[in-house]
Amino acid sequence: MGKGFFISKVVAVVCVVVAISAVATIIALSVVYAQEKSKNQETPTTATTAGPGTQTTTPSTPKEPWQRYRLPDSLSPISYNVTLWPRLTPNTDGLYIFSGYSTVLFTCVKETDLILIHSNKLNFTMFDGYHAQLKAVDGASAPQLKKSWLEVPTQYLVIQLSSPLQAGSTYELFTEFVGELADDLGGFYRSEYDEDGVRKILATTQMQPTDARKAFPCFDEPAMKAVFHMTLIHPHGTVALSNSMNYDGLNLIQTSFGPTEIMSTYLLAFVVCDFGFIQSDLGANVLIRIWARKKAIEEGQGAYALEKTGPILSFFEKYYKIPYPLKKSDQIALPDFSAGAMENWGLITYRETALLYNPAVSSNGDKEWVATVISHELAHMWFGNLVTTKWWNDLWLNEGFATYVSYLGANYAEPDWNMSDLIVLNEIIGVMAVDALASSHPLSSKEADVMRPEDINALFDSITYSKGAAVLRMLSSFITEEVFSNGLNTYLEEFKYKNTVYQDLWKNLQTAVDNAGIQLPHSVEVIMNRWILQMGFPVVTIDTKTGKISQKHFLLNPDSVVDVPSEFNYEWFVPITWIKTGAAKDQYWLLTKEATNADMTTGDGDWLIANIDMKGFYRVNYDSENWDRILTKLSTQHQDIPVINRAQIIDDAFNLARAKIVSTTLALSTTRFLNTELEYMPWQTATRNLDYFVLMFDRSEVYGPMQGYINKKVTPLFKHFEELTANWTKIPEKHTDQYNQVNALSWGCSTGVDGCKELTTAWFKEWMDNPDNNKISPNLRTTVYCSAIAEGGAVEWDFAWKMYKSATIASEAEKLLYALSCTKQPWLLNRYLEYCLDPTMIRKQDATFTINYIAGNPIGQPLAWDFIRANWAHIFNDYGGGSMSFGRLISGVTKRFSSEFEYKQLLQFKEDNINQLGSAASSFEQALERTKANMDWVALNKELVFDWFTSEISGTKPRSKD
C-alpha cells in the first residue's frame, strides 16, 4: 500500500454466472437490509451457546476456535465465485447498500466439524435457519449444518456441523448477503464527487489489510490464496472494473471477469463508476489503462501516469528478471481513498493526487509523488502479489522493499531527478527520529503478537515503510545491487503464487552472495537479524586520535528507559564506509561494542567522515578535533564533502545534541556555512532541524534572534534564486533547485527577507482580482498561498476556501487545504476545525491531515488539541480506529508539547480514553516520550540557544564545544 504510503496489477477474464433468478434473489435481499443492519451492530453482553442467527461476544481469554483472531489450519480455499450489486442511489431508508452472493470452493486439510470464515457487517439470507448452504463436490455427501452464528468480535461466520468434513475432500459453501455501501473508505465503499454541478457516486474497494470480509464472506488472511471469479451488476452508463479482464466487452446490466491469478483476499478490487480512461497502444504486451473522472481525463491529467507506467514496468521486469505476471494494468484515481494507493493485482487504486498530474497547475513535487507512488505500487506486482508474506508481522518486508525500489524505478523513469539520493531526505532522515524513541518497535514482530485487525493496522507506520526501505538499501549496498537483484530473482521464482517468511529472502540472498564470491563477516541472516529483530539503531563514535570505534543504542532522550529486552543487547553489525580528507577508504565492519582501526587516525589537517551517502542506518559522532576540522572544511570548501554527507553532518549533529552527546552550539555551528550553500539536501536537512527549534521556541523570547540568524543565512539563497529565475519569472531547470527555490521563498517570507512578503501578497492579490487566471508558479503556490493568507484576514481566507471547493485538480485542492491553516485569526481556525468533521466540507480522507495542518500553526495548535479532546469519540468512531492516518493525528497535534502542563494533559487524555485508542495506542506512547524529551531539552537549552543566536546576529561567534 502506498504511504499516506500503493499497488497492483492483474489480467482478468470472467465467467458469467448471473441468471435472471439470481438477480431476482439479490433484489429481494436488499428489501430487508434496513431491518437487518441494526442487528449486525449489536453486541450482546453474554456469550451463550448460539443457535442459528444469533451473535455472541468473545470473552477476554479465548477458549473456542471462533474466539481466536487467527483461522485454524483445517480448511484451504481454492476459488471464489462472487456476484455483487452495488446501488449507486439510496434506498427508501436513505442508505446506500450492496447485495450479493458467493460460493467458495475449499479443501478440507484436517478433519473438522467446524467452518470458520470471515464476515464483517454483512447481513445474511437464512436457509432453513442457517446462514449458508454446504455441499460436497464430485458427488460426495456433505455433513448437515448443526448451528450457525455471527461472532462479531472476531468477525467470523461460524458454522458447526453434525459430522466432520473429511480430510482431502472438497466442498462448496454458498451465502447470500447484503451490506452497506458506506463512505468509510474500507471494504466495498462509496465515493462521491461533483462534476459539472452533478453529484456522482461510485463504488470502489480497499481490502488491505482485513476488509475483504466486509464485501463478502472469505478466508481473509494473506496465506489463504485463491482464484477469484467476479461478477458485478451495475447501472446503465457505468463501467465495471476488477483485477482481471472482463469478458466480451461491457454489458450494461452485468459484467463478469475472468479468473484472477492465485492471490490473497486483500489484493482483490472492484469498481463501478462512469469514469473515462486513456490506454497504451493496441498490440502492446501489457494493456495499460489510466482511469479517472471524465473531466480529469479530458484535461490530460492521466497522460503523465500513462507515459511513465510502461517504462517503470519494463524496469522492474529487468530488475526482477521475471516478466510482468498479468496481461493488463488498470490504474484508477479515486476522489475518496484513505491511503496513497493500493497494489490490487491488475487494478491499482490511487488517491487522485498520487496518479493525476496537470503541468499547468501541479508542482514538481506533485510530479515526483506520482512517479514514486506508481513505482511503489508496480514494484508490488512481483514482491507482495506474486509472492506474498505469510502473515502481517512481516509487513515491513513487503512495504519496506516496495518503498526502497520505488526510488530505483522512479530514477529510471526520471533520470535527471536524482531520485536514488532523495530517498535519504524522503524516508531515512525522518524515520531515524522515530526509531530513536524507546517506544519504537522492531521491524519484524512475532506472529503471535499481531492478531487483531487493530494490531495489523498499527504496523502501517514509518518504521515499516521507511526503516524497512533504509535497512534493505543498506543490505543492497554491502552485497551490491546486482547481487541483491539476483537473489530477488531466485526468491520470486521459488515462491511465485505462494507465501513466505522473511528468512526465505535471506536464504536466496545468501545463495547469491555465495555465488558472487562476496565475503561477509557473517551470513546475511545473522547480520540482518540485528537490524530487524531489535528496534532502534546505533550511534557510532570514532576517535580519530586513537582509531577507537564504539557503538551504542542511540536514544533521542538518553534518560528514557528501554524496557524491551533484546537478545542482541542492542548491538549491531555495522558496515562503516568512510573517507579521509576526501579519499575513499575500504569498508570496515564494526562487529563488537568497541574496536580499533588504526587507519582511522588522522594527522594535522586531515578530516574523516563516515557513513558515505548515508548508506548505513546509523548516526556518527567524532572526537572534538575532527568535528572542528569538519566545521572548518564546511566554512571554507564545503563542496569537498559529498552533498549527502553535508546533509548528514547537520542531521547527525542536531540529533546528537538532542541526545546530549554533543553540545547544542556544535549542532548550530553546522549551519553557519549555509550562506554559501546552494544545494537542496543540506538546506532541507537544516530546515527540518531548525523547525524543531521553531516548534520549541516560537512562543518565547528566543524566537526573535533565531529569526534574525536564519534571515542572515537565507538572504543569499533568496538573492540567488531571484537572479537565477530572472526575478521569479522562470523555473529553475534542476529538479532539486526547484525544491530549494521553495526553501528560499518560505524562509525568506517567514524571517522577513526584504521584499518577500510583498512579493507573495501581490501575487495572491493578482489572483484574487482575476480568479480564472492564476499566474502563480505551481511550484511556489503552497508557499505563496500560505504567506498571503497568514498576512491577510477573512477576505483572503474566504477566497481561498472558495477556490478549494471549486478546484477540479486534486493537487491544487491539497495546496489550498494546507494554506487555509496558515491564517493567524483564531476564529477562522476554529471554523476550519469544525469543517473537518463535516464530510460535505472536507472529505473524510483529508480530515486528519487538515487537523494536523492547523496544529502546525502556533495559533492553531492549542485550538486543535482542544478540538480533538472535545470530539474524540466522534473522531475515533467515524474517522479513526483502524485508520492508517490516525496515529499521525496524535503525533501532529502534540509535536509542540514541551511543558509539564501539556504532558499531564496528554497523560490524562490517554487514561480517559484508554479503550478508544485503536491503532493510535503506540502513537500516544511516542507522544508522551517525545513530550518528556522536549521538556528536558528546552529546560537545558533555552538560555544557551538564546545567547548563541543573539551573539551570531551581533557578529561575535562563540566557539562551539562538544
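Quantities reported herein were computed from a predicted structural model and do not represent experimental measurements.

Some thoughts on the sheet that holds strand E27 (residues 583–584)
Reading across the sheet, the three strands line up as E27-E26-E30 and stay open at both edges, with antiparallel pairing between neighbours. A single partner strand is all that each edge strand has here, and the edge strands are E27 and strand E30 (608–610). Pairing of strand E26 (residues 578–580) with E27 involves two bridges; the strand directions are antiparallel. Along E27, the bridge assignment pairs Lys 580 with Ala 583.

Observations regarding the UniProt feature "domain: Peptidase M1 membrane alanine aminopeptidase" (unreviewed entry) in the protein
The positions UniProt marks with the feature "domain: Peptidase M1 membrane alanine aminopeptidase" (unreviewed entry) are residues 304–531. As annotated, residues 304–531 comprises 58% helix and 9% strand, and the C-alpha atoms at either end are separated by 38 Å.

Digging into the side chain of Asn 689
Structurally, Asn 689 can be placed in helix H16 (residues 680–697). For Asn 689, a relative accessible area of 10% puts it in the buried group. A distance of 3.0 Å separates a polar atom in the side chain of Asn 689 from a polar atom in the side chain of Asp 651. Once residues lying within four places of it in the same chain are set aside, the contact partners of Asn 689 are Ile 650, Asp 651, Phe 654 and Asn 655.

So, the UniProt feature "active site" (unreviewed entry) in the protein
In this numbering, the UniProt entry assigns the feature "active site" (unreviewed entry) to Glu 377. Residue classification places Glu 377 among the buried positions, given a relative accessible area of 0%.

Quick word on the state of the cysteines
Under the counting rule described, the total for this entry stands at two disulfides. At a sulfur-sulfur separation of 2.1 Å, the disulfide partner of Cys 749 is Cys 756. Looking down the S-S bond of the Cys 749 and Cys 756 bridge, the torsion is -85°, so its handedness is left-handed. Comparing Cys 749 with Cys 756, the two get one shared label, buried. Here Cys 786 is linked by a disulfide to Cys 822, with a sulfur-sulfur distance of 2.0 Å. Residues Cys 786 and Cys 822 share a disulfide whose torsion about the S-S bond is about -105°; that sign makes it left-handed.

Quick word on the sheet that holds strand E31 (residues 619–622)
Through backbone hydrogen bonds, the strands of a sheet pair up, either in parallel or in antiparallel fashion. Pairing in this open sheet of four strands is mixed, and the strands run E29-E24-E23-E31 from one edge to the other. Every other strand in the sheet has two partners, leaving strand E29 (594–596) and E31 as the edge strands with one partner each. Within this sheet the neighbouring strands show an average axis-to-axis angle of 20°, counted without direction. In this sheet, E29 lies alongside strand E24 (residues 548–553) in antiparallel orientation, the contact comprising three bridges. Across the sheet, Lys 548 pairs through a bridge with Thr 596, a residue of E29.

Some words on the domain arrangement of the protein
We note that the domain assignment places domain 1 (74–274), domain 2 (392–533), domain 3 (537–664) and domain 4 (829–954) within the protein. Put simply, the middle of domain 3 and the middle of domain 4, counted by C-alpha atoms, are 33 Å apart. Between domain 3 and domain 4, the residue contacts involve seven residues of the former and ten residues of the latter. Interface area, domain 3 with domain 4, both sides summed: about 610 Å², of which 58% is carbon and sulfur. Contact with domain 4 buries area across many residues of domain 3, yet Asn 557, Arg 658 and Thr 664 alone supply 68% of it, more than any other trio. On the surface where domain 3 and domain 4 come into contact, there are zero salt bridges. At the junction of domain 3 with domain 4, the criterion picks out one residue pair in polar contact (both at pLDDT 80 or more). In the side of domain 3 that touches domain 4, the residues fall into one nonpolar, three polar and three charged.

As for the packing of aromatic side chains
Inspection of every chain in the model, using the stated rule, returns 69 aromatic pairs. Centroid distance Tyr 502 to Trp 506: 6.1 Å. Interplanar angle 65°. Geometry classified as edge-to-face. In this pair, Tyr 502 and Trp 506 both sit in helix H11 (residues 502–516), four residues apart, roughly one turn of the helix. Summarising the burial analysis for this pair, Tyr 502 and Trp 506 share the class buried. Ring centres of Trp 801 and Tyr 832 lie 6.3 Å apart, and the angle between their planes is 80°; on these two criteria the pair is classed as edge-to-face. A residue pair is termed long-range when its members are at least 10 positions apart, and Trp 801 in helix H21 (residues 794–806) and Tyr 832 in helix H23 (residues 826–835) qualify at 31 residues. In this structure Tyr 832 comes out as buried when scored by relative accessible area, which is 0%.

Focus on the confidence of the model for the protein
Of all residues in the protein, 92% attain a pLDDT of 70 or more, and the chain-wide mean is 90. In the predicted structure, residues 5–59 sits below a pLDDT of 50 and forms 191 contacts with residues beyond four places in sequence or in another chain.

Overview of empty space enclosed by the protein
Estimated volume of the second largest cavity: approximately 60 Å³. If you trace the second largest cavity, you find it lined by Tyr 69, His 118, Thr 154, Thr 210, Arg 213, Asp 220, Glu 221, Trp 391, Met 451, Pro 453 and Ile 456. Its residues placed into classes, the lining of the second largest cavity shows five nonpolar, three polar and three charged. Looking at which domains feed residues into the lining of the second largest cavity, each of domain 1 (74–274) and domain 2 (392–533) supplies at least three.

Describing the pattern of salt bridges
Per the stated rule, a full pass over the model turns up 47 salt bridges. With a closest N to O distance of 3.3 Å, Glu 454 and Arg 452 form a salt bridge. On the accessibility criterion, Arg 452 (34% relative accessible area) is partly exposed. Note that Glu 701 is salt-bridged to Lys 942, the shortest N-O span being 3.7 Å. Taken together, the residues Glu 701 in the loop between H16 and helix H17 (703–724) and Lys 942 in helix H29 (residues 921–954) connect sequence positions 241 residues apart. One salt-bridge network, held together by shared partners, links Arg 190, Glu 192, Asp 194 and Arg 199.

The rules behind the values
- Residue positions are given per chain, counting from 1 as you read along its sequence in written order.
- Local features in this predicted model are restricted to residues whose pLDDT is 70 or higher, and side-chain atom pairs enter the listing and the counts only when it is 80 or higher, whereas totals over whole chains, interfaces and linings include all residues.
- Side-chain metrics in this entry use all non-hydrogen atoms of the structure; hydrogen atoms and water are not considered.
- Two strands make a pair as long as DSSP finds a minimum of two bridges between them.
- Here a helix means four or more residues in a row that DSSP labels H or I, a strand means two or more in a row labelled E, and each is numbered from the N terminus.
- UniProt positions are given in the numbering used here, feature names are shortened, and annotations may be inferred rather than shown by experiment.
- Summary of the burial criterion: residues with accessible area below 20% of their type's maximum are buried, those above 50% are exposed, and those between are partly exposed, where the area comes from a 1.4 Å probe applied to protein chains only.
- For the purposes of these results, a polar contact is taken to be a pair of N or O atoms within 3.5 Å, where, inside protein, one atom must be able to donate a hydrogen and its partner to accept one; residues adjacent in sequence count only when each atom of the pair is a side-chain atom.
- We call two residues in contact when some of their heavy atoms are within 4.5 Å.
- Counting rule for disulfides: a pair of cysteine sulfur atoms within 2.5 Å.
- Axis definition: a line fit to C-alpha positions, over the contact stretch in the case of helices; interaxial angles, taken between N-to-C directions, run 0 to 180 degrees.
- Where each domain begins and ends follows an automated or database-derived domain assignment.
- Buried area: the accessible area, evaluated with a 1.4 Å probe, that two parts lose upon being put together, summed over both parts.
- What counts as a salt bridge is simple: a side-chain nitrogen of Lys or Arg found within 4 Å of a carboxyl oxygen of Asp or Glu.
- Here the nonpolar group is Ala, Val, Leu, Ile, Met, Phe, Trp, Tyr, Cys and Pro; Asp, Glu, Lys and Arg are the charged ones; every other residue, Gly included, is treated as polar.
- We call Phe, Tyr and Trp rings a pair once their centres come within 6.5 Å, taking the six-membered ring for Trp, and we label the pair stacked below 30 degrees between planes, edge-to-face above 60, and tilted otherwise.
- For every residue, the pLDDT score states the predictor's confidence, bounded by 0 at the bottom and 100 at the top.
- Method remark: on a 1 Å grid restricted to protein atoms, a set of points is classed as a cavity if a 1.4 Å probe fits but cannot get out and as a pocket if it is open with protein on both sides within 12 Å along at least five of seven lines; lining residues have an atom within 4 Å of a point.
- Grid points are joined across faces, edges and corners, and a volume is the space filled by probe spheres set on the points.

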